[in-house]
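Below, each chain spelled out in residue letters.
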Amino acid sequence: MPILCSSCEKKRAVLKRPKTGHSLCKECFFWAFEEEVHQTIISARLFNPGETVGIGASGGKDSTVLAHVLKVLNERYNYGLKLLLLSVDEGITGYRDDSLETVKRNEQQYALPLTIVSYEELYGWTMDAIVKQVGLKNNCTFCGVFRRQALDRGAMMLNVDKICTGHNADDVAETVLMNVLRGDIARLRRCTAISTASEGEGVVPRCKPLKYAYEKEIVLYAYFNKLDYFSTECVYSPNAYRGHARTFLKDLESVRPSAIMDVIHSGENLSVREGVRMPVQGTCSRCGYISSQALCKACVLLEGLNRGLPRLGIGKHHRLHGKILAKEPLTQEEERKLKAVDF
């Protein structure tokens, strides 16, 4: 016997929400999902009328759903926002070039202007070239650092007031677990923040409207709305550390469905004992980007690549930053140690 929608009690239910367990028809699910995102936006005061908001668009399900929902809510509730799509081309053949074709279609489908910035233009390197030099073990470190800075540079170029990213509840919970496992107190304090204030010149505030949206529900929303998105996984990510946290979280969720939200709320309520030393935020002496060291991570990674010493940016080599700034050559012993590490 068909199950009726538990909300309207008229139409046939087509899904059972992973988040609440309610059986809903398509229309009621769309409304419930969109209203939850709206409440997240309103309660956290993510936007102000008249702001220009850049949407970090990768072509994947999260950013595609984010663009669709923000456009719907902006029109439904008259947020008064000017929405733009901003994409980063990391230079990954067979992955990013294909996903950017999806973003270009989204540009037409949602009537939102699109800007693409590339690693090659900004850094002189593509991820394909970086992986040839460093291998598959630490490549995600390079990509993550460069992508964050590339998004900020693109946002500055467009003069946007805020950047929205498609990070969902699963992503936030995974990040909490990763920072716990790494013992990274500084990142653990800020990884659950739904928005970040401007951290200095050259940094645009970011926000996560999908912070409390389950990945499963994002997939269902995209599927039933027939949204156009790219679903292939990055060819360089199978060995990423995040994958282990994701697997662990999925195992927890299978036993306890509320595990994702439980982990997020735990991260939100963590406090650091008084007296614990925390990194002091400053600016990079070379590029002016935010950094707790003399050089930001992106500049150190780039310096290592250009010198043929990619290990320079992996691990703790802060004592070498002075030499890099002074453009001094490294000693043979320093180079030997950096080259001796197996990638």
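Remember, predicted model here, so these are calculated numbers, not experimental data.

S.K.: Got a sec to walk through the overall build of the chain? Specific residues and values, please.
M.R.: A count of helical and extended segments in the chain gives 14 helices and 9 strands. Since a compact globule built from 343 residues should have a radius of gyration of about 20 Å, the 21 Å found for the chain is in line with a globular shape. Projected onto its principal axes, the C-alpha positions of the chain cover 75 × 40 × 40 Å. The burial tally for the chain puts 50% of its 343 residues in the buried class. Sequence-distant contacts in the chain: of pairs separated by 6 or more residues, those separated by 24 or more amount to 67%. Element-wise, carbon and sulfur atoms account for 51% of the exposed surface of the chain, whose accessible area totals about 17700 Å². Between the mean site of the 47 positive side-chain charges and the mean site of the 40 negative ones, the chain shows a separation of 4 Å.

S.K.: How would you summarise the packing of helix α1 (residues 26–44) against helix α2 (residues 61–76) if you had to cite specific residues and measurements?
M.R.: Following both chains from N to C, one finds α1 and α2 inclined at 75°, their axes separated by 10 Å at the closest point. Overall, the two elements α1 and α2 adopt an arrangement that is roughly perpendicular. Residue-level contacts link W31, F33, E34, E35, V37, H38 and I41 of α1 to V65, V69, L70, V72, L73 and R76 of α2. When grouped by side-chain class, the residues that make up the contact of α1 with α2 number 9 nonpolar, 1 polar and 3 charged.

S.K.: Talk me through the UniProt feature "binding site: ATP" (unreviewed entry) in the chain; I want residue IDs and the actual numbers.
M.R.: Taking the numbering used here, the UniProt-annotated feature "binding site: ATP" (unreviewed entry) corresponds to G56, A57, S58, D62, V88, G166 and D171. Following the sequence through the fold, D62 ends up in helix α2. Leave out the neighbours within four places in its chain, and D62 touches G166, N168, D171, L210 and I218. By secondary structure assignment, the location of V88 is in strand β4 (residues 82–89). A relative accessible area of 8% means that V88 is categorised as buried. Setting aside its immediate chain neighbours within four residues, V88 contacts R96, V117, Y119, R147, A150 and L151.

S.K.: So what about the side chain of R17? Which residues, and what values?
M.R.: Note that R17 resides in the loop between β1 (15–16) and β2 (23–24). Assessed through its relative accessible area of 4%, R17 is described here as buried. Once you skip the residues sitting within four places of it in the chain, R17 turns out to touch H22, L24, F29, A32, E36 and E217.

S.K.: Account for the packing of aromatic side chains, naming residues and giving values.
M.R.: Per the stated rule, a full pass over the model turns up 13 aromatic pairs. A centroid spacing of 6.4 Å and a plane angle of 65° characterise the contact between F142 and F146, whose relative ring orientation is edge-to-face. With F142 and F146 both in helix α6 (residues 139–158) and 4 residues apart, the pair spans about one turn of that helix. For the pair shown, F142 and F146 are each scored as buried.

S.K.: Go over helix α7 (residues 169–182) with me, naming the residues and quoting the values.
M.R.: In an α-helix, one full turn covers 3.6 residues, which means residues spaced three or four apart are oriented alike. The end-to-end C-alpha distance of α7 is 20 Å, a good match for the 20 Å that 14 residues give at a rise of 1.5 Å each. With 11 of 14 residues buried, α7 is to be regarded as a mostly interior element. Within the span of α7, buried status applies to A169, D170, D171, V172, A173, E174, T175, V176, L177, M178 and N179. In this structure, the buried side of α7 is in contact with α2, α8 (185–190), α9 (215–224), α10 (241–255) and α11 (259–268). For α7, the capping residue at the N-terminal end is N168, with a side-chain oxygen 3.0 Å from the backbone nitrogen of D170. Directly beyond the C-terminal end of α7, a positive phi value near 70° is found at G183.

What counts, and where the lines are drawn
Residues numbered from 1 in each chain as written. Predicted model: local features only at pLDDT ≥ 70, side-chain atom pairs only at ≥ 80, totals over all residues. Heavy atoms only, no water. Helix = DSSP H or I, 4+ residues; strand = E, 2+ residues; numbered from the N terminus. Rg over C-alpha atoms; globule rule 2.2 N^0.38 Å. Buried < 20%, exposed > 50% of the residue type's maximum accessible area, 1.4 Å probe, protein only. Contact = heavy atoms within 4.5 Å. Areas by Shrake-Rupley, 256 points an atom, 1.4 Å probe, with all protein chains shown as cover. Lys, Arg positive; Asp, Glu negative; His and termini not counted. Charge placed at Lys NZ, Arg CZ, Asp CG, Glu CD. Axes fitted to C-alpha atoms, helices over the stretch in contact; angles between N-to-C directions. Parallel < 35°, antiparallel > 145°, perpendicular 65-115°, else oblique. Nonpolar A, V, L, I, M, F, W, Y, C, P; charged D, E, K, R; others polar. UniProt positions renumbered as here; feature names shortened; annotations may be inferred. Phe/Tyr/Trp six-rings, centres within 6.5 Å; stacked < 30°, edge-to-face > 60°. Expected span 1.5 Å × (residues − 1). Polar contact = N/O pair within 3.5 Å; in protein donor to acceptor, adjacent residues only side chain to side chain.

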